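These are the residues of each chain, in order.
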Amino acid sequence: IHPNGRCEANLPMAHPISSNISLGETHSPFYIEPEQTLAIVLDWDDYLKADRYRDREYEFVSTQYIGPAACINQELMQLRFKSTDLPRREIYQKMSEVSPAEFMAYLTPLTEEYAAAMEKLFNEENISAYTQRLVKNSIKLFYAQLLLDIENDNKYREYQGKEPYEIPSNYFDFLHDTPLD
């Protein structure tokens, strides 16, 4: 960290990443690809307001992105504050309470509704095709991650002395629709 408050970081990466800069309880998302430089200008007044309004998620209106991925980051920030997120805590709770088939039956319409809501937002906010593809892929990957986590949850059930759930033979068919390239 430099005396003027500026900081720099080198992120070795082999593929694009989407992550957050965390200052206390506040998170500023960013997206970057290999060989790119991204500058993120954070506004201290935004952080003070976010602290003051800690009972709700505060929209950082003054964050600026500079570099090749600036437009993508602005669009991702725009989407973040105009959409509701999936109920992650509820999803993980449900995962531990129901069988794999029941969990898939619960999760599939939930993520489909979320994807449809994002599609509507893409059109309303005039989001670029590139950013749309990133968001759509992240929804599919989150869905896949949750369904794959069932195997770990099953191992934990067994560790607890509970009967593990039987996973149907077609359970992993969702991987055919998952963007893995």
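Before reading on, note that the structure itself is shown above.
A.B. asks: Help me understand the overall build of the protein chain in this model?
C.D. replies: From N to C terminus, the protein chain includes 5 helices and 4 strands. Its helices and strands taken in sequence order, the protein chain reads β-β-β-α-β-α-α-α-α from the N to the C terminus. For the protein chain, the spread of C-alpha atoms along the three principal axes comes to 60 × 35 × 35 Å. Here the contacts in the protein chain between residues at least 6 apart in sequence split such that 56% fall between residues at least 24 apart. Taken as a whole, the protein chain presents about 12,300 Å² of accessible surface, with 51% of it coming from carbon and sulfur. Across the protein chain, 17 positive and 30 negative side-chain charges occur, with their mean positions spaced 5 Å apart.

A.B. asks: So what exactly am I meant to see when it comes to the nonpolar core here?
C.D. replies: A general feature of soluble globular proteins is that nonpolar side chains tend to end up buried together. With 24 residues, the main nonpolar core has Leu-79, Ile-91, Phe-103, Leu-107, Met-118, Leu-146 and Leu-147 as its most contacted residues. Of all elements in the fold, only helix H3 (88–97), helix H4 (100–125) and helix H5 (129–159) reach the threshold of two or more residues within this core. Those residues in contact with Ile-91 that sit more than four places away from it in its chain are Leu-86, Phe-103, Tyr-106, Leu-107, Leu-110, Phe-142 and Leu-146. Counting residues in hydrophobic clusters, the runner-up holds 10 residues, among them Phe-30, Phe-60, Tyr-65 and Met-77.

Conventions and cut-offs
- The residue numbering used here restarts from 1 in each chain and proceeds along that chain's sequence as written.
- In keeping with the predicted nature of the model, local features appear solely for residues at pLDDT of at least 70, side-chain atom pairs appear and are counted solely at 80 or more, and the whole-chain, interface and lining totals rest on all residues.
- Think of the side-chain values as coming from all heavy atoms in the structure, minus any hydrogens and water.
- Here a strand is any run of E in DSSP of at least two residues, a helix any run of H or I of at least four, and the numbering for each starts at the N terminus.
- By definition, residues are in contact when any of their heavy atoms lie within 4.5 Å.
- Accessible areas in this description were obtained via Shrake-Rupley with a 1.4 Å probe; residue shielding takes into account the shown protein chains only.
- Here the positive residues are Lys and Arg and the negative ones are Asp and Glu; neither His nor the chain ends is included.
- Charged side chains are reduced to one point each, which is NZ for Lys, CZ for Arg, CG for Asp and CD for Glu.
- Remark: nonpolar core denotes a set of buried residues (Ala, Val, Leu, Ile, Met, Phe, Trp, Tyr, Cys) joined through side-chain atoms within 4.5 Å.
- Note on classification: 1.4 Å probe, protein chains only; a residue is buried when its accessible area is under 20% of the maximum for its type, exposed when over 50%, partly exposed between these limits.

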